[in-house]
Amino acid sequence: MADDREDLVWEEIKTEHIVQDEWIDFRKSQFRFPDGSEFGPYYSYSRRDYVVIVASDREGNLICVRQFRQGIREVTTEFPAGGLERSDGKEYRAGGDAPSEDALAAAKRELAEETGYVSDQWTHLITLPSNATMGDNFAHVYRAENCRKVGGQELDATEFLNVELHTEQEIQEMIYSGRFQQTVHVMAWLLAKERAQGKGTA
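None of the values given here were measured: they were computed from a predicted structure.

Chemist: Even after reading the chapter, I still don't get the packing of aromatic side chains, so can you show me in this structure?
Modeler: Aromatic ring pairs are defined here through the distance separating the ring centres and the angle between the ring planes. Enumeration according to the criterion identifies nine aromatic pairs in this entry. Between the aromatic rings of Phe26 and Tyr43, the centroid separation amounts to 5.9 Å while the plane-to-plane angle is 10 degrees, which identifies the pairing as stacked. With Phe26 in strand β2 (residues 25–32) and Tyr43 in strand β3 (residues 38–46), this residue pair connects regions lying 17 residues apart in the sequence. Relative accessible area serves as the criterion here: at 27%, Phe26 is assigned to the partly exposed category. Owing to a relative accessible area of 36%, Tyr43 belongs among the partly exposed residues under this scheme.

Right under this line is the structure:
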């Protein structure tokens with residue numbers, strides 16, 4: 001099958017940075033379509049990459065966190081997660097020039113900081129765009145098994161969250177009842193289950 005990528009690419013012909021601070025680069029762009037017509041405004045944003053960790057303890061309980069999510073104005077249950085730290089200190093990719101933390105190192109750090117748990121058994125499940133339609137950042141999803149608690153939380157100034165342990169059945173019930181509401185986290189759970197079934201484990 002021929003590669004028709006060049007026949008589909010939009011050409012960005014004008015960009016305005018509406019907000020560009022330490023937290024986000026929110027852009028307003030004008031594009032030229034493959035047929036030569038133009039379209040605008042199109043809004044997009046830049047954010048830093050992040051990790052999601054499907055973590056379980058030695059008894060098989062899933063390690064989750066509860067925190068307030070501003071987008072839906074609700075307290076949600078989800079897996080530990082957090083951004084890759086960047087050498088320039090920004091919360092967005094900034095053109096991709098500044099080096100960022102290794103994804104696995106970030107996953108280990110976030111799990112320890114948010115929950116106090118660590119693991120020696122890590123598996124990379126997938127890396128994919130967080131929101132390919134509007135954002136440029138990627139989610140790196142990991143599985144951490146046989147986690148053990150070695151300390152307390154070490155939260156950032158903007159983090160307020162509680163740690164909870166849940167069974168697999170409880171995670172399933174929360175997903176299907178709309179109480180486990182982060183899209184990438186639901187996908188992470190399904191991938192972790194599929195990987196476990198492929199290994200012949202529970």
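Having seen it, we continue.
Chemist: Could you clarify how one ought to interpret the sheet that holds strand β1 (residues 11–20) in this entry?
Modeler: Strand pairing in a sheet relies on backbone hydrogen bonds, with the paired strands running either antiparallel or parallel. The antiparallel open sheet is built from three strands, whose spatial order is β1-β2-β3. Either end of the sheet is taken by a strand with one partner, and the two such strands are β1 and β3. Shown here is a sheet whose adjacent strand axes are inclined to one another by a mean of 25 degrees, direction ignored.

Chemist: Explanation requested: the environment of Gly83 in the structure shown.
Modeler: Mapped onto the elements, Gly83 comes out in strand β7 (residues 81–83). The exposure class of Gly83 is buried, given its relative accessible area of 11%.

Chemist: For this particular structure, what's the right way to read the nonpolar core?
Modeler: The nonpolar side chains of a soluble globular protein tend to be buried, and buried together. Of all hydrophobic cores here, the largest spans 19 residues; its most connected members are Val52, Val54, Leu62, Phe79, Ile171, Phe180 and Trp189. At the level of secondary structure, the elements contributing two or more residues to this core comprise β4 (50–57), β5 (62–69), β10 (138–149), α2 (168–176) and α3 (183–199). Broken down by element, the residue count for this core peaks at five residues, all from α3. When sequence neighbours within four positions are dropped, the list of residues in contact with Ile171 reads Leu62, Cys64, His166, Phe180 and Trp189. If you look at the next biggest cluster of nonpolar residues, it comprises 14 residues, including Ile63, Tyr142, Ala144 and Cys147.

Chemist: Can you help me understand a nonpolar patch on the surface in this one?
Modeler: Taken together, the side chains of Ile18, Val19, Tyr43 and Met134 make up a nonpolar region of the molecular surface, amounting to roughly 300 Å² of accessible area. Along the chain, the position of Met134 falls in the loop between β9 (121–129) and β10. On the basis of relative accessibility, which here comes to 33%, the residue Met134 falls in the partly exposed class.

Chemist: Help me out: how do you make sense of the pattern of salt bridges in this one?
Modeler: Any two side chains of opposite charge can pair, so long as their charged atoms come close to each other. Using the criterion set out here, one finds twelve salt bridges in the structure. Among the salt bridges present, the one from Glu164 reaches Arg66, with a minimum N-O distance of 4.0 Å. Pair noted here: Glu164 is in strand β11 (residues 161–166) and Arg66 is in strand β5, with a separation of 98 residues, a long-range link. Given a relative accessible area of 28%, Arg66 falls into the partly exposed group.

Chemist: How should I be thinking about the pairing of β10 in this particular structure?
Modeler: Remember that side chains alternate between the two faces of the sheet whenever the strand is regular. The pairing of β4 with β10 spans seven bridges and is parallel. What sits directly across from Ala55, in β10, is Ala144. For strand β8 (residues 117–118) and β10, the ladder comprises two bridges, and the chain directions are antiparallel. Note that in β10 the partner of Val118 across the bridge is Arg148. Relative to β10, β9 runs antiparallel, the two sharing eight bridges. Looking at β10, one finds that Thr123 is bridged to Arg143.

Chemist: Any chance you could explain unusual backbone geometry here in plain terms?
Modeler: In most cases, non-glycine residues show a negative phi, while peptide bonds are predominantly trans. The omega angle of the peptide bond from Gly40 to Pro41 is 0 degrees, so this bond is cis rather than trans. Its location among the elements puts Pro41 in strand β3. A positive phi angle is found at Arg73, which is not glycine, with a value near 55 degrees. Looking at the element boundaries, Arg73 is found in the loop between β5 and β6 (74–78).

Reading the values: rules and limits
Residues numbered from 1 in each chain as written. Predicted model: local features only at pLDDT ≥ 70, side-chain atom pairs only at ≥ 80, totals over all residues. Heavy atoms only, no water. Phe/Tyr/Trp six-rings, centres within 6.5 Å; stacked < 30°, edge-to-face > 60°. Helix = DSSP H or I, 4+ residues; strand = E, 2+ residues; numbered from the N terminus. Buried < 20%, exposed > 50% of the residue type's maximum accessible area, 1.4 Å probe, protein only. Pairing = 2+ DSSP bridges. Axes fitted to C-alpha atoms, helices over the stretch in contact; angles between N-to-C directions. Core = buried A, V, L, I, M, F, W, Y, C linked by side-chain atoms within 4.5 Å. Contact = heavy atoms within 4.5 Å. Patch = residues over 30% accessible without salt bridge, like charges linked within 9 Å, V, L, I, M, F, W, Y side chains within 5 Å. Areas by Shrake-Rupley, 256 points an atom, 1.4 Å probe, with all protein chains shown as cover. Salt bridge = Lys/Arg side-chain N within 4 Å of Asp/Glu carboxyl O.

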